[in-house]
Amino acid sequence: MKTPVILSLMLLGGLGCEKSRADYRDDLAGAICREMQGCEKIGPDQKFKNFDDCRTEMSSRYNKLWSAKKCEQRIDATKFGACKTRAVTNACSGNVLDAISFSIECGANDVCVAPEPTP
């Protein structure tokens, strides 16, 4: 009786090893919004009234950018890290060069990669 429970727990633990497209999307949305909140780009007279509005819109934006169709493969963690750095830098700067660099590093063609080959 205990064997199926242990086996189930082992299988469930293995499923959580690789982050999903949604996990990466939500991670990026949260990081951008925390940065925007820190530089006072969220509030009554700003584009986003509160943190949740920001996170909802950013999640939607990255859900479209990394759509299931364009990004049906896994996301490369290293490339995601570079994208996240650019996105957070761009969140408050308004610098055109940061925006261009961000668009180069954060597109589906840059972040989404083919799955690892199975042994």
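Keep in mind the model is a prediction, meaning the values are calculated, not measured.

How each quantity is defined
Residues numbered from 1 in each chain as written. Predicted model: local features only at pLDDT ≥ 70, side-chain atom pairs only at ≥ 80, totals over all residues. Heavy atoms only, no water. Axes fitted to C-alpha atoms, helices over the stretch in contact; angles between N-to-C directions. Helix = DSSP H or I, 4+ residues; strand = E, 2+ residues; numbered from the N terminus. Parallel < 35°, antiparallel > 145°, perpendicular 65-115°, else oblique. Left-handed = near helix turned anticlockwise from the far one by under 90°. Contact = heavy atoms within 4.5 Å. Nonpolar A, V, L, I, M, F, W, Y, C, P; charged D, E, K, R; others polar. Salt bridge = Lys/Arg side-chain N within 4 Å of Asp/Glu carboxyl O. Buried < 20%, exposed > 50% of the residue type's maximum accessible area, 1.4 Å probe, protein only. Core = buried A, V, L, I, M, F, W, Y, C linked by side-chain atoms within 4.5 Å. Patch = residues over 30% accessible without salt bridge, like charges linked within 9 Å, V, L, I, M, F, W, Y side chains within 5 Å. Areas by Shrake-Rupley, 256 points an atom, 1.4 Å probe, with all protein chains shown as cover.

A. Looking closely at the packing of helix 2 (residues 21-38) against helix 4 (residues 77-93). Running from amino to carboxyl end, helix 2 crosses helix 4 at an angle of 25°, the nearest separation of the two axes being 8 Å. Taken together, helix 2 and helix 4 sit at an angle that is classed as roughly parallel. As helix 2 runs across helix 4, the sense of the crossing is right-handed. Residues Tyr24, Asp27, Leu28, Ala31, Ile32, Glu35 and Met36 of helix 2 pack against Ala77, Phe80, Cys83, Lys84, Ala87, Val88, Ala91 and Cys92 of helix 4. Among the residues forming the contact of helix 2 with helix 4, the class breakdown is 12 nonpolar, no polar and three charged.

B. Structural detail: the pattern of salt bridges. All chains considered together, the criterion is met by seven salt bridges. In this structure, arginine 25 engages aspartate 26 in a salt bridge whose closest nitrogen and oxygen atoms are separated by 2.8 Å. Judged by its relative accessible area of 17%, arginine 25 falls in the buried class. What emerges from the salt-bridge pattern is a single network uniting Lys19, Asp27 and Lys84.

C. Representation of the nonpolar core in the model. Ranked by internal contacts, the top residues of the largest apolar core, which has 24 residues, are Leu28, Ile32, Met58, Tyr62, Trp66 and Ile75. Excluding residues that lie within four positions of it along the chain, isoleucine 32 makes contacts with Met58, Tyr62, Ala87, Val88 and Ala91.

D. Examining a nonpolar patch on the surface more closely. Together, Leu97, Ile100 and Ile104 line one region of the surface with nonpolar side chains, adding up to about 320 Å² of accessible area. Relative to the assigned elements, leucine 97 resides in helix 5 (residues 96-106).

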